[in-house]
Amino acid sequence: MQFILIPVYSYTLTTSQFGKADFITTIIGLVSPLIYLDMVDGVFRFTLDESEDKKRVFSTGLLFTTIISIIAFMTGLAVAPFISKYPILDATLLLVVTTFFGLISNYVRAIGRVGTFAVAGIINTFIMGASNIIFLVIFHGGISSYLEAMVLGQIAAIIYFLISTPIIKQIRLKWFDIKLFREMCVYSIPLIPNTFAWWLNSASDRFFILMIIGASANGIYAMVNRFPTMVTTLTSIFFQSWQMTAIEEYDSKDSREFISNVFEYIISLIFLFSLGMLSVLKPMIRILLATDYYGGWKLIPIMLLVSIYTITSGFLGVLYTASKNTVGVFYSTLLGAIVNVLLTVSLIRWIGVYGAAIANAISFFSVFLYRYIHIKKLGKIQMNIAKFVLLHILLAIAAAINYEVNNSAFVFIVVLICIIIQISIDRRIKVIILDIVKVISGVRV
């Protein structure tokens, strides 16, 4: 769906419109955990605890979320008349619906209804995608339609949850537990500064681009960022189950070996995906993006590094969640946020959007490095440093050949050689390939 929507957005929204739309969704990602006290994570984590009454956890979190949503919507109604450049009511509705969807979907996943969780995600994606195509391509709705399509997708998924699960029966006002609510807040509130720091680390670059360079530059930056984000999206499928598995396995005797092995697989796959994208980068951009966005392809190799470090940092961050060490998450994210803001402000005036991308890559690497060193000291992980460095070298070669050579066929051959080198030295990739061959052979039989 991301591949389908990239050309839809690039051909129906100007760079300025897409820059503003991206800014709105970025701000929503920041505001939601702040005003809802990150209750989505609190409900998920406490529902997984066997000692907790799941219905009380859900009812407590849902009632609090409902109250805050009413306040948020009334605030949006009051503010909207004074801000004409942005669709405030649509943004407020998206904020409310996104929070409810996050709360319900995480609860459903935590009680073991993974199949239902997956189907709801598919419904959300396809309703959102179809609505975007109808609203933007046929009716030319602009920014408002972009936001409304996201709202419709999540509402459809919420309705599916209500129909396919017994969660309605698990909601009672009398089950609101003030003591439990305080305990959930003790867990979730320390995550709020981390959320703000994570926003500074991952999204403040767009804010600075919008303020210093303009909405058009932010639109190009946000659009081309969707390509490396696909690597993150693919791994997020795995992260849904990893979050639960890490909690279950964290205190086991062989947890260090298990965690390290999974981490090595993740590293191997994300570098392989990144090399694969660089092998067809320019032809892919020409096909999928409108002319106004094309020049942004040069940002993608840098943004691939951002995705790689985001994924590895996220993997390690789950281990903090498993141990309920939210302070460790905060310190590492704060470090990255400080690095990101300082470098972005310094570099963006010097080399424009490239400065923002470079600052983002360095900041996420800082987060990754801090978390790895810390968790390694705890005796929970060990990484193959030599392989990690070599994969960076292969990625650098693939990026350099894209920058220096205009012949797409030659670029493809050189990057393909880099991929072959990775496969030849990386036993985990060999294992994955053999498993795929076995599956294909089994299907044919």
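The preceding data block contains the structure.
Owing to the predicted nature of the structure, the values given are computational and were not obtained by experimental measurement.

## A short note on the packing of aromatic side chains
Turning to step 1, where the next piece is worked out: In the structure shown here, the tally under the stated rule is 20 aromatic pairs.
Turning to step 2, where the next piece is worked out: With 6.5 Å between their ring centres and 45° between their planes, Tyr160 and Phe161 make a pair best called tilted.
Turning to step 3, where the next piece is worked out: Overall, the relative accessible area of 0% leaves Phe161 in the buried class.
Turning to step 4, where the next piece is worked out: An angle of 25° between the planes, with centres 6.2 Å apart, marks the rings of Phe368 and Tyr372 as stacked. Taken together, the residues Phe368 and Tyr372, both in helix α18 (residues 353-377) and four residues apart, mark about one turn of the helix.
Turning to step 5, where the next piece is worked out: Taking relative accessible area as the criterion, Phe368 reaches 1% and is therefore assigned buried.
Turning to step 6, where the next piece is worked out: Of the residues examined, Tyr372 reaches a relative accessible area of 6% and is grouped as buried.
Turning to step 7, where the next piece is worked out: Among the aromatic residues, ring-to-ring pairing joins Phe263, Phe271, Tyr309, Phe315, Phe365, Phe368, Tyr372 and Phe388 into one connected group.
Turning to step 8, where the next piece is worked out: The ring of Phe117 has Arg109 sitting right over it, with the charged end atom 5.3 Å from the ring centre.
Turning to step 9, where the next piece is worked out: Across from the ring centre of Tyr265, 5.6 Å away, lies the NZ or CZ of Arg428, which sits over that ring.

## Here's the deal with the nonpolar core
Soluble, globular proteins show a tendency: their nonpolar side chains are buried together.
Turning to step 1, where the next piece is worked out: Core analysis: the largest hydrophobic core is formed by 118 residues, its most contacted members being Tyr9, Phe227 and Phe315.
Turning to step 2, where the next piece is worked out: No other element matches the 13 residues that helix α16 (residues 300-322) contributes to this core.
Turning to step 3, where the next piece is worked out: One finds Trp199, Leu200, Ala203 and Ala337 within the second-largest nonpolar core, a separate group that totals six residues.

## Some thoughts on helix α9 (residues 191-202)
Three- or four-residue spacings in an α-helix give side chains the same orientation, since the helix completes a turn every 3.6 residues.
Turning to step 1, where the next piece is worked out: With 12 residues, α9 should cover 16 Å at 1.5 Å per step; its first-to-last C-alpha distance of 16 Å lies within 8% of that length.
Turning to step 2, where the next piece is worked out: Those residues of α9 that sit buried are Leu191, Ile192, Asn194, Thr195, Ala197, Trp199, Leu200 and Asn201.

## So, unusual backbone geometry
Turning to step 1, where the next piece is worked out: A positive phi angle, near 55°, is found at Leu37, a position not held by glycine.
Turning to step 2, where the next piece is worked out: Relative to the helices and strands, Leu37 resides in the loop between α2 (15-35) and α3 (39-48).
Turning to step 3, where the next piece is worked out: On the basis of relative accessible area, Leu37 is assigned to the partly exposed category, the value being 21%.
Turning to step 4, where the next piece is worked out: Backbone geometry places His140, a non-glycine residue, at a positive phi of 50°.
Turning to step 5, where the next piece is worked out: Within the secondary structure layout, His140 lies in the loop between α6 (114-138) and α7 (143-164).
Turning to step 6, where the next piece is worked out: For His140, a relative accessible area of 63% puts it in the exposed group.

What counts as what
Residues numbered from 1 in each chain as written. Predicted model: local features only at pLDDT ≥ 70, side-chain atom pairs only at ≥ 80, totals over all residues. Heavy atoms only, no water. Phe/Tyr/Trp six-rings, centres within 6.5 Å; stacked < 30°, edge-to-face > 60°. Buried < 20%, exposed > 50% of the residue type's maximum accessible area, 1.4 Å probe, protein only. Helix = DSSP H or I, 4+ residues; strand = E, 2+ residues; numbered from the N terminus. Lys NZ or Arg CZ within 6 Å of the ring centre and 35° of its normal. Core = buried A, V, L, I, M, F, W, Y, C linked by side-chain atoms within 4.5 Å. Expected span 1.5 Å × (residues − 1).

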